[in-house]
Amino acid sequence: MNKHINQITRWLAVGSVIAGITLATSVGFAQEEDEELEAFIITGSLIPQSQTAFEAGALPVSLFSREDIDRTGFTSTAEILQDLNVNNGASVPISNNATGFTPAASSVSLRGLGPEATLVLIDGLRIAPYPTGTGGTTAFIDLNSIPLAAIESFEVLKDGASATYGADAVAGVINLILTDEFVGAETRMQYGNTTASTDSSEFILSGVVGSVTDRTKMVAGFNYYSRKAIFNKDRKFSEVPPFLSTNSSPLNITISQAAYDESVGNAVDPTSAGQIEITSGPSAADLTPLPGYEIGTINNNGNVPAEDYTVVDPSLGKTFAGSHFNYNLTSGSYPEIKRYGAFMKFEHDINGLDKLKLFGDALYQHTFSRSELAPSATGNFFDPGSQALIIPARTPTPFIVRGSNRLNSDLGTATANPIMAPGDADYDVERRIVSDKNAFNPFNPFNQDLSDTSRIRLWEFGNRIFRTYTNSGVGTLGIAGKDISDKWDFRTGLRYSFIEQTDRNNVASITNINRLLNQNDPIFDPDSNEYIGSTVAFNPFGYFLNPIENNDVVAEFAKVETKGYAVSDLLMGFFQANTTELLELPAGDVGFAFGADYRVESVDQSPDALAQTGSLIGSSPRAVTDASRDIWSVYAEANIPLVSPEQDVTGFYLIDMNIAARYERFVTSGRDTFVPKVGVRVMPIKELMIRGSYGEGFREPSLFELFSGQSYGLSTVYNPLTDTSEREVSVSSSGNVELAAEDTTSYNIGVIYTPTNKWLSGFTFGVDLWRIEREGTVSLSYERTVERFVSGDLLAGESVLIDPASNALVQVNSVFANAGRTRVQGIDFDIAYALRTEDLGRFDFRVVATWLDKWLFASQPGAELVNFVEEDSSIAAQDGYLRWKANASLSWLYENHKATIRARYRDGFNDGKYADPANLDFAAVFFEVKDRVLFDVQYGYTFFTDSDSWFKDLEVTAGIRNVLDTDPPESNGFLSSSTGYPDFLYTAEGRFYYVGLTKGF
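Numbering of residues starts from 1 in every chain and runs along the sequence as written. Since the coordinates come from a predicted model, pLDDT governs what is reported: local features require at least 70, and pairs of side-chain atoms require 80 or more to be given and counted, while whole-chain, interface and lining totals use all residues. Hydrogens and water are ignored here; the side-chain numbers use all heavy atoms of the structure.

## Observations concerning the overall build of the protein
Logical step 1: The number of helices and strands found in the protein is 11 helices and 44 strands.
Logical step 2: The proportion of buried residues among the 1001 residues of the protein is 58%.
Logical step 3: By definition in these notes, contact holds between two residues if any of their heavy atoms fall within 4.5 Å. Intrachain contacts of the protein at a sequence separation of at least 6 include 74% that bridge at least 24 residues.
Logical step 4: For every accessible area listed, the method is Shrake-Rupley and the probe measures 1.4 Å; residues are considered covered only by the protein chains on display. When the accessible surface of the protein is totalled, it reaches about 38400 Å², and 55% of it is carbon and sulfur. Every helix listed is a DSSP run of H or I at least four residues long, and every strand listed is a run of E at least two residues long, numbered separately from the N terminus. Using a 1.4 Å probe on the protein chains alone, a residue whose accessible area is under 20% of its type maximum counts as buried, one over 50% counts as exposed, and one in between counts as partly exposed.

Rendered as structure tokens:
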């Protein structure tokens, strides 16, 4: 503890120096007077506050009004929150998300600790998480399911708050506050588009209607949103990715040395079990820097003889086959999106009980997202967990190579059997790897069944299309009491929320492709009732720019539309009570709050049957998950005044303390936890406030992390056995019911200065120094699994399969574990100035910035902490932990005019790339991804303010995001980027203009 106090003291000393140059407030713009505000509750506390805005508490909270939201020019909740300076690496992005498990969803990551460590609330209460976790495993709140049109304001608590809100409030809390009071009606309409290719038009329509009477407040509204897609090929910076795929056309083949020698007429050693890689495609050096493929294979029509195939240089390693493919030729960058929904909120006095009110809300949102990826990439024809893809030999009586493959030769199913060699028990057993012993493909130039680590891009089957439909809802009903016994306020009620996800994906079936590759299959027999209209099998040996007519005809047989379903819901009962006058102390009244809640969380994932069996090309096998848990908690909070202004204590204008604690019981697992938090606020003088907080917290593992089945995918993994980073390695992850909760600790010290003299009136300054620690961080790292495999210290449930001939990785199976440690610390800055003039209106200037000093992580106990902000790291490069992130704005409001200029700064970060891409040299060269500043402008004018016509108070708004059309910086994602820029920070949008109309009635 002393070490932490010393560290914070040093931070405060540094921050005080910086504060003299550019300090800030964590609350909002300056107030002109010390006016008393109506009692209100700010996120982070359950006790109403009644001081001025800058004295609202000891916790670092940022408040954003509807005006602040509109000034940004953003049109979705996800865009607004991802723009926050406190949002850092590891969020769920809006663009290029189809390569993961959640193409229709998006979320934020406060402090870079991941979306699972950020608690998102609606009106202070929890909602259900997305039914599929980010990466397939980690729970998060989908911001796309919360329409921006329904949000009146939001608050961001930049501190741990488990003592107040329970599990997951580790990095902070975002509280979205729905519109609750509106008189009349208003409708908004907006159109926008990109200027690069005018390819991503956006249309928005929303409306709200409300009334307020003596007994009832009610507001209701609707929203509609539509946006077109962007494709990688339509932007220079993404038309060619940093690495080209070895899932290519022409295909890359793994074949036995003996079968190759037999096919080209060389002397054959029938006892050899050695394998080689061959291709008829261009070498990497032949590829042009442009997305075209005119070089090297123009004459390949699927009939290239065996002697014209090239043996791939074995020194490049087994993961580098010879032919390569640019998947950005057809892949999408920004998805096509449509959303619509409605919301309502009410409050009504209960008859005869003037202190009791019935309250409720309802929110429904439907979202459609359509994403496209390049035609299916097979990965290795053999991948554990998936059905094997097999191209049969040229004749039904092939050249048999004994023990030359890893497949169960009787079933054609991928297993973990290593390559057999002379002396193995089954070496002399002659058997084929296809189940149909008379199978053959007449176009196969090698008279051997082809599988193993062969790879192909199935161009004829078309783009993979992912359609995701989500329906989400939130409903709350309760009773609120005010001034009960002239002291207590309370609210109690029920909330139910859900989000259901339905997938309709167009992909290809491995089972049917295997049939298309077998000339002996009855689908090619005109006398069969399965005949598909062609007597010729599929020819996989061609080049995609030279169409093979028959392939287009028969490809339809293997195309399938999958239908997956998942739903997550949350039922919560709650009771909260508070008073600002529990008892009286010399310095004032003690505020107190307490409460209890009980919630039931559940998730049900039902992937398509083909997806469950691994029978889909280019789609990882998905597991069924059906899990739920019950949780109850009790909590309390006290606000204790120690020194008040009325006491007139020299050197201490005000001192108070906030204490909170929570006990939470996870009924299903039998675990429980108790966490405290304390905050202190000291004001030596009226203009200066020093605040600090210490809190303990926890993050309970998600239902995905606890109960999910084995999910498969492809990933780049470093292999210490060969000292190479192998791309597109088959990997899997599994839940672990033995996971414990993560323990967290958060510290915050802040200084806020609000000068009142005439020279500085209108300025507010402040700085907050913060630190968050996580112990037992739930982590899953394929590289760490391989490291433990090498050291002989695998965790239960982990395994690694390697090719004993080359030590190449075949399969890495990982499980979640409480293995990590995380330390994150930094400083938040704000500076705000409000200038009111008689002749030119009001000017508001604000700068908010976050400096990330350290983002330290160790993936296993005893391992050295690595600073992802400074070190060259593949994890840091794929998530982009930024040292600096800042937003600045200057707004002007005068009569009917309003205008805003914004600047958004994003720092660079460390990355890695190939030393020699032409030769596919794996030696990494580290470089700094460049920083970027994006400028936005907006202007609005209200017409006919003095008119009685229908057009009265018609507001027109026009704006441009990214005025200078600045491209995102180059990034390789440490050899894993699919776009060539950091798509977790930037989109391919470029300059975007918009025009909107708002009309009140």
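## Some details on helix 10 (residues 782-791)
Logical step 1: Among all positions of helix 10, only Y782, T785, V786 and R788 are buried. On an axial view of helix 10, the arc spanned by its buried residues comes to 160°, and they lie on one face.
Logical step 2: For helix 10, the secondary structure elements touched by its buried residues are strand 29 (711-719), strand 30 (724-734), strand 33 (799-802) and strand 34 (809-815).
Logical step 3: Trailing helix 10 by a residue or two, G792 shows a phi angle of about 75°, which is positive. To be clear, the arc concerns the directions from the helix axis to the C-beta atoms.

## Description of the sheet that holds strand 2 (residues 118-122)
Logical step 1: Ordered in space as 1-4-5-2-3, the five strands form an open sheet in which the pairing is mixed. Lying at the two open borders of the sheet, with one neighbouring strand each, are strand 1 (61-64) and strand 3 (125-126). Note on pairing: DSSP must find at least two bridges between two strands before they are called paired.

## Quick word on the nonpolar core
Logical step 1: As used here, the term nonpolar core means buried Ala, Val, Leu, Ile, Met, Phe, Trp, Tyr and Cys residues forming a set that is joined through side-chain atoms within 4.5 Å. Core analysis: the biggest nonpolar cluster contains 54 residues, and L81, L113, F154, V156, I174, L176 and W855 have the highest contact counts within it.
Logical step 2: Those residues within four positions of W855 in sequence are excluded, and the remaining contacts are R111, G112, L113, T822, R823, V824, V866, N867, F868, V869 and Y881.
Logical step 3: By size, the runner-up hydrophobic cluster in this structure holds 32 residues, among which are L251, I253, A259 and I276.

## Regarding the pairing of strand 29
Logical step 1: In terms of strand pairing, strand 29 meets strand 30 through eight bridges, oriented antiparallel. Paired with V717 across the two strands is E726, which belongs to strand 30.
Logical step 2: Connecting strand 29 to the antiparallel partner strand 30 that follows it, the hairpin turn spans four residues, and D723 within it adopts a positive phi of roughly 55°.

## Some words on the packing of aromatic side chains
Logical step 1: Stacked, tilted and edge-to-face pairs are distinguished by plane angle, under 30 degrees for stacked and over 60 for edge-to-face with tilted covering the rest, among Phe, Tyr and Trp rings (Trp via its six-membered ring) whose centres lie within 6.5 Å. Counting across every chain of the model gives 35 aromatic pairs.
Logical step 2: Here F461 and F538 contribute two aromatic rings whose centre-to-centre distance is 5.4 Å and whose plane-to-plane angle is 40°, an arrangement assigned as tilted. With a gap of 77 residues between them, F461 in the loop between strand 17 (413-414) and strand 18 (463-484) and F538 in the loop between helix 6 (510-516) and helix 7 (549-554) connect regions that are remote in the sequence.
Logical step 3: Each ring, one from F763 and one from Y833, has its centre 4.0 Å from the other, and the planes form 20°; the classification is stacked. In this pair, F763 is assigned in strand 32 (residues 763-779) and Y833 in strand 35 (residues 817-837), connecting sequence segments 70 residues apart.
Logical step 4: Taking relative accessible area as the criterion, F763 reaches 21% and is therefore assigned partly exposed.
Logical step 5: Cluster of aromatic residues (ring-pair linked, three or more members): W488, F490, F575, F592 and F594.
Logical step 6: R111 extends its terminal NZ or CZ atom over the ring of W770, reaching a point 3.9 Å from the ring centre. Ring-over charges, as used throughout, are those where CZ of Arg or NZ of Lys falls within 6 Å of the ring centre and within 35 degrees of the ring normal.

## Comments concerning the sheet that holds strand 12 (residues 310-311)
Logical step 1: Pairing in this open sheet of three strands is antiparallel, and the strands run 10-11-12 from one edge to the other. Two strands close off the open sheet at either side, each with one partner strand: strand 10 (252-256) and strand 12.
Logical step 2: As judged from the five bridges shared by strand 10 and strand 11 (residues 275-279), these two strands associate in the antiparallel manner. The partner of I255 across the bridge, within strand 11, is I276.

## Notes on a nonpolar patch on the surface
Logical step 1: Together, M189, Y191, F203, Y224, Y340, Y364, Y993 and L997 line one region of the surface with nonpolar side chains, adding up to about 680 Å² of accessible area.
Logical step 2: Broken down by secondary-structure element, the contributors of at least two residues to the nonpolar patch are strand 6 (184-194) and strand 44 (992-1000).
Logical step 3: Position of Y224 among the secondary structure elements: in strand 8 (residues 216-227). Patch building starts from residues that exceed 30% relative accessible area and form no salt bridge, then joins like charges within 9 Å and nonpolar side chains (Val, Leu, Ile, Met, Phe, Trp, Tyr) within 5 Å. When a carboxyl oxygen of Asp or Glu is within 4 Å of a side-chain nitrogen of Lys or Arg, the pair counts as a salt bridge.

## Topic: the side chain of S534
Logical step 1: Following the sequence through the fold, S534 ends up in the loop between helix 6 and helix 7.
Logical step 2: S534 gets classed as buried once you look at its relative accessible area, which sits at 6%.
Logical step 3: In this structure the side chain of S534 is engaged in a polar contact, spanning 3.2 Å, whose partner is the backbone nitrogen of V536.
Logical step 4: Apart from residues no more than four positions distant in its own chain, S534 is found in contact with I523, F524, N550, V553 and V554. Polar contacts, as counted here, are pairs of nitrogen or oxygen atoms within 3.5 Å of one another; within protein the pair requires one atom able to donate a hydrogen and one able to accept it, and residues that are adjacent in sequence qualify only if both atoms are side-chain atoms.

## Comments concerning the pattern of salt bridges
Working definition: two side chains of opposite charge can pair if their charged atoms are close together.
Logical step 1: All told, the structure shown has 55 salt bridges when counted by the stated rule.
Logical step 2: Between E989 and R227 there is a salt bridge; the shortest N-O distance is 2.8 Å. In this pair, E989 sits in the loop between strand 43 (954-961) and strand 44 while R227 sits in strand 8, placing the two residues 762 residues apart along the sequence. Accessibility classification places E989 together with R227 in one group, the buried group.
Logical step 3: With a shortest N-O distance of 4.0 Å, D853 and R883 are connected by a salt bridge. Here D853 is found in strand 36 (residues 841-858), whereas its partner R883 is found in the loop between helix 11 (874-879) and strand 38 (884-894), with 30 residues between them in sequence. In this structure, D853 and R883 share a single accessibility class: buried.
Logical step 4: Where salt bridges share partners, they join D597, R599, E601, R629, R662 and E664 into one cluster.

## Observations regarding helix 5 (residues 257-264)
Logical step 1: What helix 5 keeps buried is the set A258, A259, Y260, D261 and S263.
Logical step 2: If you follow the buried residues of helix 5, they end up packed against strand 10, strand 11 and strand 12.
Logical step 3: Looking one or two residues past helix 5, G265 carries a phi angle of roughly 85°, positive in sign.

## Observations concerning unusual backbone geometry
A negative phi holds for most residues other than glycine; trans holds for most peptide bonds.
Logical step 1: The peptide bond linking S249 to P250 adopts the cis configuration, its omega dihedral lying at 5°.
Logical step 2: With respect to the helices and strands, P250 occurs in the loop between strand 9 (230-231) and strand 10.
Logical step 3: With a phi angle near 60°, D486 is a residue other than glycine that sits in the positive phi range.
Logical step 4: Mapped onto the fold, D486 is located in the loop between strand 18 and strand 19 (488-509).
Logical step 5: Given the relative accessible area of 61%, D486 is considered exposed.
Logical step 6: For D723, which is not glycine, the phi torsion reads 55° and is therefore positive.

## Topic: the environment of R215
Logical step 1: Tracing the backbone through its elements, the reader meets R215 in the loop between strand 7 (202-212) and strand 8.
Logical step 2: For the pair R215 and D349, spaced 134 residues apart in sequence, the C-alpha to C-alpha distance is 5.1 Å.
Logical step 3: Leaving out residues up to four positions away in the same chain, R215 has contacts with E347, H348, D349, I350 and N351.

## Considering the pairing of strand 11
Logical step 1: Among the five residues that make up strand 11, four are buried, leaving the element largely enclosed by the rest of the structure.
Logical step 2: Here strand 11 runs beside strand 12; their pairing, made up of two bridges, is antiparallel. Bridge assignment links T279 to a residue of strand 12, and that residue is T310.

## Re the confidence of the model for the protein
Logical step 1: Per residue, pLDDT captures the predictor's confidence, and it can take any value from 0 to 100. Residue-level pLDDT values for the protein average 85, and 86% of them are 70 or greater.
Logical step 2: By mean pLDDT, helix 1 (residues 2-19) is the weakest element of the protein at 35, and strand 39 (residues 897-906) is the strongest at 98.
Logical step 3: Under a pLDDT of 50 for its full length, residues 402-431 has, in the predicted model, 71 contacts with residues more than four places off or in other chains.

## Focus: the environment of F666
Logical step 1: In this fold, F666 is placed in strand 26 (residues 654-666).
Logical step 2: By relative accessible area, which is 4% here, F666 ends up buried.

## Quick look at the environment of S734
Logical step 1: Examined against the element boundaries, S734 turns out to sit in strand 30.
Logical step 2: Residue S734 is classed as buried on the basis of its relative accessible area of 15%.
Logical step 3: Between the C-alpha atoms of S734 and G797, which are 63 residues apart in sequence, the distance is 8.1 Å.
Logical step 4: Contact partners of S734, with chain neighbours within four places excluded, come to S708, G709, Q710, L780, S814, V815 and F816.

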